[in-house]
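Overview (structure and organization)
These are the residues of each chain, in order.
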Amino acid sequence: MLSFIRADLSQLVAYTPHPGGAEGHAATPEHTGQIDRLDTNESPYDLPDELKQKLAWAYQHELEANRYPDGGHAALKAAIAHYANDSAQVDWVQPEHISVSSGSDELIRSLLIATCLGGEGSILVAEPTFSMYGITAKTLGIPVVTVGRDEQFQIDLAAANQAIAHSSSVPVRVVFVVHPNSPTGNALTEAEIEWLRQIPDTVLVVIDEAYFEFSQTSLLSELPLHPNWVVLRTFSKAFRLASHRVGYAIAHPELTATLEKIRLPYNLPSMSQTAALLTVSQAETLMTVIPTILQERDRLYQQLTTVHQLRVWPSDSNLVFVRLTSDAVAASGRSPEAALDAVFQSLKQQGTLVRKISGGLRITVGKPEENERTLAHLVVALQAL
Ligand SMILES: *Cc1c(COP(=O)(O)O)cnc(C)c1O
């Protein structure tokens, strides 16, 4: 290893980006047919042609490619504030409550820099959850405290309280929750929300609402009561804009002002700002496919419950999490990891990409025909087990 690189980084495993597979291939070389990318929870629907044409027009006639982007994001913040107010039926969200970033991933890093860097704090996460919190913390040398979840993926609140109250030399400064959670799809319960409400205001509570548009569950309306809460949202999922990398935070103006200090000056390319502005103004139109996605989610869930080798959990999101039953693992004569990997690899060979994570498979809800193939391919994979 190069001797000038921080030693702790050699322990770190990079997040495996899309397209999936540790080998970096979208699918195995022998697979030449249809590939269903159901591994990153994007919307299966691209932007409507009309919006793409508007973006193309903006690129041609409005964008000055030689100029830096608007580094203040003024227009976009105003539009997001308007959408955020509508989304939670509130009227207090102003541009000063918003910070915009290159994907919410950037905000996760900025929040960590603002709170924990330099040995000031550690973070608390309940596994299984979104892996970027832990990965990003480790890149900054920030300790990660983990607690578990029960059979229904509800957070072990006693352990969490214990970790916050009695943490060692590095106190817990940030708690991350996803509402609804990824990879498991469950929204926070009333008991979990009650727990968030009583976390001391010396601890930042990050509520990641990446899947809000699917679940319609939000804690935004309570934000004014809790200056230590921040809500993260993204354009990468329901807004169909993953390629443009736009995320935002809604928080107390003192926190957003701090985030603005930390971020890089031109963090959001002009075309991404244009695309986000356009889609947020067309939110109603873009969201017309959500009922279809939710119906498909319910259908996929129902059909998966009839597959006896699988355990499947209810989902509030556009994804479904499954694990192999212990009987299915035993019948396969393989270890649990090897059995799961065999199913995952078989799906991949058949052209269905899902995410193998936390001892299970996280399956994004796709278009109806994709979901049909998911079920058919799963049946083949399980028969071969
Ligand atoms: C997809 C996702 C995001 C979005 O990340 P971006 O960087 O905005 O694309 C954030 N949080 C969770 C939990 C997600 O699943």
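Above: the structure in question.
Residues numbered from 1 in each chain as written. Predicted model: local features only at pLDDT ≥ 70, side-chain atom pairs only at ≥ 80, totals over all residues. Heavy atoms only, no water.

Side note on the overall build of the protein
Counting secondary structure elements, the protein contains 14 helices and 13 strands. Relative to a compact globule of 385 residues, whose C-alpha radius of gyration would be 21 Å, the protein shows 21 Å and is just as compact. Viewed in the frame of its principal axes, the protein has a C-alpha envelope of about 55 × 55 × 50 Å. Across the 385 residues of the protein, 51% fall into the buried class. Across the protein, contacts joining residues at least 24 apart in sequence account for 70% of those joining residues at least 6 apart. Carbon and sulfur atoms form 52% of the exposed surface of the protein, whose accessible area is close to 17,600 Å². (Helix = DSSP H or I, 4+ residues; strand = E, 2+ residues; numbered from the N terminus. Rg over C-alpha atoms; globule rule 2.2 N^0.38 Å. Buried < 20%, exposed > 50% of the residue type's maximum accessible area, 1.4 Å probe, protein only. Contact = heavy atoms within 4.5 Å. Areas by Shrake-Rupley, 256 points an atom, 1.4 Å probe, with all protein chains shown as cover.)

Comments concerning the side chain of S43
With respect to the element layout, S43 can be found in the loop between β1 (36-37) and α1 (49-61). At a separation of 3.1 Å, a polar atom in the side chain of S43 contacts the main-chain amide nitrogen of Y45. Apart from the residues lying within four places of it in its own chain, the contact partners of S43 are K237, R240 and I293. (Polar contact = N/O pair within 3.5 Å; in protein donor to acceptor, adjacent residues only side chain to side chain.)

Observations concerning the site of the ligand
Neighbouring the ligand are the residues G103, S104, D105, F130, V178, D208, A210, Y211, T234, S236, K237 and R245. Backbone polar atom of S104 to an oxygen atom of the ligand: 2.7 Å apart, as the coordinates give it. One nitrogen or oxygen atom from the main chain of D105 is found 3.1 Å from an oxygen atom belonging to the ligand. Here the ligand, which alone exposes 390 Å², has 93% of that area covered by the protein. (Near = heavy atom within 4 Å.)

What to know about the sheet that holds strand β2 (residues 98-101)
Pairing in this open sheet of seven strands is mixed, and the strands run β2-β8-β7-β6-β5-β3-β4 from one edge to the other. The outermost strands of the open sheet, each flanked by one partner alone, are β2 and β4 (144-147). Averaged over all adjacent pairs, the angle separating strand axes in this sheet is 20°, with direction ignored. Where strand β7 (residues 229-234) meets strand β8 (residues 247-251), five bridges bridge the pair, whose relative direction is antiparallel. Its bridge partner being in β8, V231 is matched across the sheet by I250. Against the sheet, helix α2 (residues 74-88) makes contact with β2, β7 and β8, and its axis sits at roughly 115° relative to β2, the strand it touches most. (Pairing = 2+ DSSP bridges. Axes fitted to C-alpha atoms, helices over the stretch in contact; angles between N-to-C directions.)

Section: the pattern of salt bridges
Evaluated as defined, the whole model comprises 17 salt bridges. For the salt bridge of R197 with E190, the shortest nitrogen-to-oxygen distance reads 3.2 Å. Under the relative-accessibility criterion, R197 is labelled partly exposed at 27%. Sharing partners across several salt bridges, the network here consists of E190, E194, R197 and E222. (Salt bridge = Lys/Arg side-chain N within 4 Å of Asp/Glu carboxyl O.)

Let's talk about the sheet that holds strand β13 (residues 360-364)
The strand order across the open sheet built from four strands is β9-β10-β13-β12, with neighbouring strands paired in antiparallel fashion. The open sheet terminates on both sides in strands that have one partner only, identified here as β9 (310-312) and β12 (355-357). Averaged over all pairs of adjacent strands, the angle between their axes in this sheet comes to 30°, without regard to strand direction. Note that β9 and strand β10 (residues 319-324) share three bridges and pair antiparallel. Pairing of L310 across the sheet is with L324, part of β10. Sheet contacts for helix α11 (residues 290-305): β9, β10 and β13; angle to β10, the most-contacted strand, approximately 10°.

Topic: the nonpolar core
Among the nonpolar cores identified, the biggest contains 83 residues, and L124, V175, W195, L196, F235, L304 and L361 are the most heavily contacted of them. The element best represented in this core is α2, accounting for six residues. Each residue touching L196, except ones within four places of it in the same chain, is listed here: V177, L188, V205, I207, L219 and W229. The next biggest cluster of nonpolar side chains, apart from the first, holds 21 residues, and it includes I123, V230, L232 and L259. (Core = buried A, V, L, I, M, F, W, Y, C linked by side-chain atoms within 4.5 Å.)

Topic: the packing of aromatic side chains
According to the stated counting rule, one finds nine aromatic pairs in the structure shown. Ring geometry for F153 versus F321: centroids 5.7 Å apart, planes at 80°, classification edge-to-face. Taken together, the residues span a long stretch of sequence, with F153 in the loop between β4 and α5 (157-165) and F321 in strand β10 at a distance of 168 residues. By relative accessible area, which is 4% here, F153 ends up buried. The rings of Y83, F235, F239 and Y248 are connected pair by pair, giving a single aromatic cluster. A cation over a ring is seen here: R233 above F212, with NZ or CZ 4.0 Å from the ring centre. Its guanidinium or amino end placed over the ring of F344, K356 lies 5.6 Å from that ring's centre, counting from NZ or CZ. (Phe/Tyr/Trp six-rings, centres within 6.5 Å; stacked < 30°, edge-to-face > 60°. Lys NZ or Arg CZ within 6 Å of the ring centre and 35° of its normal.)

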